[in-house]
Amino acid sequence: MNVLICNDRSEPLDSLVNVLENNRDVTSVKVATTGRETLDALHSSPIDISISSGTGLDFNRMLQRHIAPTVAQSLTRVVATQTPTVPLFVKAHQFGFHNVLPLTTPEDQIVLSLQRTLNGEESIKDHPSVRALHLTPGALTHAISFDDPNDQHIVELVGVGLSDHEIAEALSLTIQHVRN
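Residues numbered from 1 in each chain as written. Predicted model: local features only at pLDDT ≥ 70, side-chain atom pairs only at ≥ 80, totals over all residues. Heavy atoms only, no water.

Novice: How should I be thinking about the pairing of strand E2 (residues 28-32) in this particular structure?
Specialist: The side chains of a regular strand alternate between the sheet's two faces. Bridge analysis of strand E1 (residues 2-6) against E2 gives 5 bridges, and the strand direction is parallel. Looking across to E2, one finds that Asn2 is bridged to Ser28. With helix H1 (residues 14-21) bridging E1 and the parallel E2, this β-α-β connection has right-handed handedness. (Pairing = 2+ DSSP bridges. Helix = DSSP H or I, 4+ residues; strand = E, 2+ residues; numbered from the N terminus. Right-handed = clockwise from strand over helix to strand, strands pointing away.)

Novice: Would you explain the sheet that holds strand E4 (residues 76-81) in this entry?
Specialist: What links the strands of a sheet is backbone hydrogen bonding, and the strands pair in either a parallel or an antiparallel sense. Strand order across the open sheet formed by 5 strands is E2-E1-E3-E4-E5, with parallel pairing between neighbours. The open sheet is flanked by E2 and strand E5 (99-102), the only strands paired with a single partner. Ignoring which end each strand starts from, the neighbouring axes of this sheet average 25 degrees apart. The sheet contact formed by strand E3 (residues 49-53) and E4 spans 5 bridges and is parallel. (Axes fitted to C-alpha atoms, helices over the stretch in contact; angles between N-to-C directions.)

Novice: Even after reading the chapter, I still don't get the packing of aromatic side chains, so can you show me in this structure?
Specialist: Working definition: an aromatic ring pair is given by the centre-to-centre distance plus the angle between the planes. Overall, the coordinates contain 0 aromatic pairs when judged by the stated rule. The aromatic ring of Phe97 is capped on one face by Arg77, whose charged end is 3.9 Å from the ring centroid. (Phe/Tyr/Trp six-rings, centres within 6.5 Å; stacked < 30°, edge-to-face > 60°. Lys NZ or Arg CZ within 6 Å of the ring centre and 35° of its normal.)

Novice: Could you clarify how one ought to interpret unusual backbone geometry in this entry?
Specialist: Glycine aside, negative phi is the norm for most residues, and most peptide bonds take the trans geometry. In this model, Ser172 sits at a positive phi of 55 degrees, which is unusual for a non-glycine residue. Note on placement: Ser172 falls in the loop between helix H9 (164-171) and helix H10 (175-179).

Novice: What am I meant to see in the pairing of E4 here?
Specialist: In terms of burial, E4 is largely enclosed, as 6 of its 6 residues are buried. Of the two faces of E4, the one holding Thr76, Val78 and Ala80 and the one holding Arg77, Val79 and Thr81 are both buried throughout. Pairing geometry for E4 and E5, over 4 bridges, is parallel. Across the sheet, the residue bridging to Val78 is Asn99, located in E5. Each parallel crossover has a hand, and for E4 linked through helix H5 (residues 86-94) to E5 it is right-handed. (Buried < 20%, exposed > 50% of the residue type's maximum accessible area, 1.4 Å probe, protein only.)

Novice: Mind showing me how you'd approach the environment of Pro84 here?
Specialist: By the element assignment, Pro84 lies in the loop between E4 and H5. Owing to a relative accessible area of 30%, Pro84 belongs among the partly exposed residues under this scheme. Put simply, Pro84 and Thr104 are 20 residues apart on the chain and 9.7 Å apart in space, counted from C-alpha to C-alpha. Contact partners of Pro84, with chain neighbours within four places excluded, come to Phe89, Val100 and Pro102. (Contact = heavy atoms within 4.5 Å.)

Just geometry here; none of it tells us what the structure is for.
Spelled out as structure tokens, the structure:
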């Protein structure tokens, strides 16, 4: 099993990296800390499972548009987090993730859970909260698109929580343009 861990500063997955690197059933573990590193890793060699932290869901959703369709189709996506909550399960399901891995899972069960997810034996859609809501998987993976590239960038940056001032500064636009 080839694993890519999308590590972020808010909820680092360093302990998971150590567990996977020391498991004989895991062929390779790559760690990416930026979007560019994530895309490069996904396109450079086969990756079976991509693991993101619970705080990286929105960012991971933005990256999805830049992953080649052939890579995206064969990729199993998992969220790993210390404290899985019902809203996280629902959001991960809607963003097209395949499962949520609680980091409180015993070390000897982590790789087994990932293998079951990879084989389709364990899935986020089986979580009671997700089943009770009768949600369509991946409904929120559809992107809003605008003809004007600036408008597209503004919407994406709003989606990750930047303020009007931060967006204006990042895109070298006026605050009024961002607000319009």
